[in-house]
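# Survey of secondary and tertiary structure
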Amino acid sequence: MISGVIPTEFTPIASLLGGVLIGTAAVLLMLLRGRVFGATGILAGFMSPQGSSDWAWRAALLAGMVTGPLAYMIFAGHMPAVQVPISKGMLIVGGFIVGLGVTYGSGCTSGHGVCGMARLSPRSIVATLSFMLSTGVTVYIIRHVLAPATGGI
Amino acid sequence: MSLFLTYVIGVIFGLGISMSGMANPSKVLNFFDVAGAWDPSLIFVMGGAVTVSFFGYRWVFRKFRSPAVEPQFMVPTSRVIDAKLVGGSVVFGVGWGIAGFCPGGALPALGTFDGDVWLFSIAMVAGIFAAKFLMKLTATRAARHAS
């Protein structure tokens with residue numbers, strides 16, 4: 001079994017509040033440092049820094065991001081759920097492909113999908129439509145073409 | 001002080017990702033599985049995030065001539081829509097559809113110390129370096145052909 005399905009509950013309020021916090025963080029980062037909040041760009045710049053002060057703010061931001069689940073635990077009493085429905089092999093394949101794609105595409109869901117869409121950047125709108133569509137097609141193929149054909153992959 | 005504020009902004013983002021469900025690959029994959037176990041929650045994440053940043057960015061740019069601790073706003077200015085942008089984004093979507101993690105979801109989720117998130121993230125970093133290496137290689141080849 002390399003890919004299964006774990007049902008999840010519809011959580012409109014928690015998801016909306018989470019989205020509002022993500023947007024708030026993006027606005028505050030623009031206000032403070034004049035930067036868009038793109039996870040890909042922040043991580044890439046952290047790994048190949050353009051100087052020590054450039055590295056420092058990226059490191060501080062990443063440290064904060066990683067503290068997020070702990071902050072969530074203080075409110076919710078437990079860590080956020082991470083339910084992985086696929087095998088470790090597929091997780092590695094998926095991760096490598098994501099790394100390739102976001103580097104060539106210059107951004108991901110946060111950079112293009114949130115910050116770029118909010119700025120009405122034509123590049124980001126095209127990028128977001130492209131990856132939303134290809135993600136949907138990929139999920140459809142894995143769950144509704146490959147899985148039935150192989151008796152659950 | 002500005003580094004501490006940057007850290008706090010990171011915490012707000014990570015808390016938002018944790019609440020929203022973006023750190024949970026099953027929730028992400030079920031959002032895209034319209035024909036199956038559909039969970040529409042992520043529409044609310046995107047809706048909330050884009051609405052707040054749409055109005056928030058406008059307010060920041062109207063109200064301030066420069067950010068608080070940097071001399072100027074460093075907003076991406078490229079308007080080029082090419083095969084690299086579209087192809088890269090399509091490839092990203094394939095990976096996202098396989099694994100259910102995107103970079104902005106996975107990085108905060110590292111803080112749960114879930115082994116699978118670390119495995120995904122290490123593979124993603126390897127993919128980023130592989131892409132940078134390939135880009136450098138093609139750039140060198142193109143320069144050699146040009147000379």
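Residues numbered from 1 in each chain as written. Chains lettered and ligands numbered in written order. Predicted model: local features only at pLDDT ≥ 70, side-chain atom pairs only at ≥ 80, totals over all residues.

A few words now on the overall build of chain A. Assigned secondary structure in chain A consists of six helices and zero strands. Mapped from its N terminus to its C terminus, chain A presents α and β elements in the order α-α-α-α-α-α. Overall size of chain A, expressed as C-alpha extent along the three principal axes, is 55 × 40 × 30 Å. Counting only residues that meet the buried cut, chain A has 55% of its 153 residues in that class. Taking the intrachain contacts of chain A between residues at least 6 apart in sequence as the baseline, contacts between residues at least 24 apart amount to 54%. (Helix = DSSP H or I, 4+ residues; strand = E, 2+ residues; numbered from the N terminus. Buried ≥ 20, exposed ≤ 12 C-beta atoms within 10 Å, placed from the backbone. Contact = placed C-beta atoms within 7 Å.)

Let us now look at the overall build of chain B. The helix and strand inventory of chain B stands at six helices and zero strands. Going from the N terminus to the C terminus, chain B shows its helices and strands as α-α-α-α-α-α. By the compact-globule yardstick of 15 Å for 147 residues, chain B is too spread out, its C-alpha radius of gyration being 19 Å. Taking the principal axes of its C-alpha atoms as reference, chain B extends roughly 55 × 45 × 30 Å. Looking at the 147 residues of chain B, the share that counts as buried comes to 49%. (Rg over C-alpha atoms; globule rule 2.2 N^0.38 Å.)

Residues and elements named next belong to chain B. Here helix H4 (residues 83-99) is 17 residues long and its end C-alpha atoms lie 24 Å apart, about the 24 Å a rise of 1.5 Å per residue gives. Of all 17 residues in H4, 13 are buried; the element is thus mostly enclosed. After H4 finishes, the residue glycine 100 shows a positive phi value of roughly 85°. (Expected span 1.5 Å × (residues − 1).)

A separate point is the nonpolar core. Within the largest apolar cluster, 81 residues are counted, with the highest numbers of intra-cluster contacts made by Ala25 and Ala26 of chain A. In terms of residue count, helix H1 (residues 12-33) of chain A provides more of this core than any other element does, 11 residues in total. (Core = buried A, V, L, I, M, F, W, Y, C linked by C-beta atoms within 7 Å.)

Once that is clear, we can look at unusual backbone geometry. Of note in the backbone geometry, serine 106 of chain A takes a positive phi value of approximately 55° without being a glycine. One non-glycine residue, phenylalanine 113 of chain B, adopts positive backbone phi at about 60°. Checked against the element boundaries, phenylalanine 113 of chain B lands in the loop between helix H5 (103-109) and helix H6 (115-146).

What follows is about the interface of chain A and chain B. Contact with chain A, which involves 102 residues of that partner, is made by 102 residues of chain B. Secondary structure elements with two or more residues in the side of chain A that touches chain B: H1, helix H2 (39-47), helix H3 (52-76), helix H4 (88-104), helix H5 (109-118) and helix H6 (122-150) of chain A. With 21 residues, the single largest contributor to the side of chain A that touches chain B is H1 of chain A. Of the residues belonging to the side of chain A that touches chain B, the class tally is 67 nonpolar, 29 polar and six charged. (Nonpolar A, V, L, I, M, F, W, Y, C, P; charged D, E, K, R; others polar.)

Looking now at the confidence of the model for chain A. For chain A, mean pLDDT is 95; residues scoring 70 or higher make up 97% of the total. The least confident element of chain A, judged by mean pLDDT, is H6 of chain A at 95; the most confident is H1 of chain A at 98. (pLDDT = per-residue confidence, 0-100.)

What follows concerns the packing of H4 of chain A against H6 of chain B. It is at 6 Å that the axes of H4 of chain A and H6 of chain B come closest, and there the two elements cross at 40°. Relative to H6 of chain B, the element H4 of chain A is oriented oblique. Between H4 of chain A and H6 of chain B lies a crossing whose hand is right-handed. Each residue belonging to the contact of H4 of chain A with H6 of chain B can be placed in one class, and the counts come to 16 nonpolar, six polar and three charged. (Axes fitted to C-alpha atoms, helices over the stretch in contact; angles between N-to-C directions. Parallel < 35°, antiparallel > 145°, perpendicular 65-115°, else oblique. Left-handed = near helix turned anticlockwise from the far one by under 90°.)

A separate point is H6 of chain B. End to end, H6 of chain B covers 47 Å across 32 residues, agreeing with the expected 46 Å (1.5 Å per residue, within 8%). Among all positions in H6 of chain B, only Asp116, Val117, Phe120, Ser121, Ala123, Met124, Gly127, Ile128 and Ala131 of chain B are buried.

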